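Architecture at a glance
As a plain string of letters, each chain reads:
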Amino acid sequence: MQTDLFEHGPRVLADDPGGTITYLPDAIDVATATRWYEGLRAKVEWRSERRWMYDREVDVPRLVAGFRFGDPGVPEELRQAREVAVAATGVEFNSVGMNLYRDGRDSVAPHNDHLNEIIDGFPIALLSLGAARVMTIRSKSKPRRNLDLELEPGSLLVMSYRTQFNYDHGIPKTAAQVGGRISLAFRVRPAGLTRVEKARAQPLPDG
């Protein structure tokens, strides 16, 4: 999994029986990405989450939000961002999950999507706003393939459904001085509340 650092067009990072991963570095221009970042950071009701890890409850190191398209209250920036993802993939995404990485201390561990919360055959499209951050992508089986990909502002990363079985992806912490970043993860979700949406509808525990 190697990329040409000087290539500016779409780059295919993986295309095999394990799935397809494509990177579009300039899905939108940097000025638009900055404007959408600032608008969404100010408008969205960002939430903190807690989860159990190593027998104790800890803060999730990022803020989160999410919308279903067609529901009231979807910010205009998200509607426009969805149009970009739809134009790039031909997929009518019906939801967006959002992560706000406030600085280099915020992160997400390597993972794949919960397969019961996405529909077979449809990809996931990740649009990056704000500062650039490195994403690690690694295969789950041998021969091991690892890639550190800098997600540039305005870039779109498209992962096919099959990749969720065969690859992990994550945003590691960094000691470098980096600005805030918002990740927009467009998905086709099944009808009804997903496990994550049900959990987010519950109040956080006291303490």
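Conventions we followed
- Residues numbered from 1 in each chain as written.
- Predicted model: local features only at pLDDT ≥ 70, side-chain atom pairs only at ≥ 80, totals over all residues.
- Heavy atoms only, no water.
- Helix = DSSP H or I, 4+ residues; strand = E, 2+ residues; numbered from the N terminus.
- Buried < 20%, exposed > 50% of the residue type's maximum accessible area, 1.4 Å probe, protein only.
- Contact = heavy atoms within 4.5 Å.
- Areas by Shrake-Rupley, 256 points an atom, 1.4 Å probe, with all protein chains shown as cover.
- Pairing = 2+ DSSP bridges.
- Axes fitted to C-alpha atoms, helices over the stretch in contact; angles between N-to-C directions.
- Expected span 1.5 Å × (residues − 1).
- Polar contact = N/O pair within 3.5 Å; in protein donor to acceptor, adjacent residues only side chain to side chain.
- Phe/Tyr/Trp six-rings, centres within 6.5 Å; stacked < 30°, edge-to-face > 60°.

**Regarding the overall build of the chain**
For the chain, the helix and strand inventory stands at four helices and 13 strands. By residue count, 47% of the 207 residues in the chain fall in the buried class. Counting contacts in the chain only where the partners sit at least 6 residues apart, residues at least 24 apart contribute 76% of the total. In the structure as shown, the chain presents an accessible area of about 11100 Å², 52% of it carried by carbon and sulfur atoms.

**Some remarks on the sheet that holds strand S6 (residues 95–101)**
Ordered by their spatial adjacency, seven strands build an open sheet running S1-S2-S11-S8-S13-S6-S5, and the pairing between neighbours is antiparallel. Strands with a single pairing partner mark the edges of an open sheet, and in this sheet they are strand S1 (11–16) and strand S5 (63–68). Looking at each pair of strands side by side, their axes are set apart by 15° on average, direction ignored. Here S6 runs beside strand S13 (residues 181–187); their pairing, made up of seven bridges, is antiparallel. Paired with Met98 across the two strands is Leu184, which belongs to S13. Along the sheet, helix H1 (residues 30–43) contacts S6, strand S8 (124–130) and S13; its crossing angle with S8, the most-contacted strand, is approximately 90°. Packed onto the sheet, helix H2 (residues 76–89) meets strand S2 (19–24), S5, S6, S8, strand S11 (156–159) and S13 and runs at close to 55° relative to S13.

**Observations regarding the environment of Asp113**
Within the element layout of this structure, Asp113 appears in the loop between strand S7 (108–111) and S8. The class of Asp113 is buried, set by a relative accessible area of 6%. Between the C-alpha atoms of Asp113 and Asp168, which are 55 residues apart in sequence, the distance is 8.8 Å. Discounting chain neighbours no more than four positions away, the residues touching Asp113 are Ile118, Ile124, Gln164, His169 and Arg187.

**A short note on H1**
End to end, H1 covers 20 Å across 14 residues, agreeing with the expected 20 Å (1.5 Å per residue, within 8%). Listing the buried residues of H1 in full gives Thr32, Ala33, Trp36, Tyr37, Gly39 and Leu40. Among the structural elements, H2, S6, S8 and S13 are those in contact with the buried residues of H1. One side-chain oxygen at the N-terminal end of H1 lies 3.1 Å from the backbone nitrogen of Ala31; it belongs to Asp29.

**Some details on the environment of Val84**
Positionally, Val84 belongs in helix H2. In contact with Val84, other than residues within four places in its own chain, are Ala27, Ile28 and Trp36.

**Observations concerning the packing of aromatic side chains**
Within this structure, the stated rule accounts for three aromatic pairs. Their ring planes at 15° and their centres at 6.2 Å tell us that Phe69 and Phe186 sit as a pair that is stacked. Highlighted residues: Phe69 in the loop between S5 and H2 and Phe186 in strand S13, separated in sequence by 117 residues. You'll find Phe69 and Phe186 in the same group, each marked buried. Pairing Tyr161 with Phe165 gives two aromatic rings, centres 5.5 Å apart and planes at 65°, and the pair type is edge-to-face. Given the relative accessible area of 35%, Phe165 is considered partly exposed. Taken together, the ring pairs in this structure connect Phe69, Phe93 and Phe186 into an aromatic cluster.

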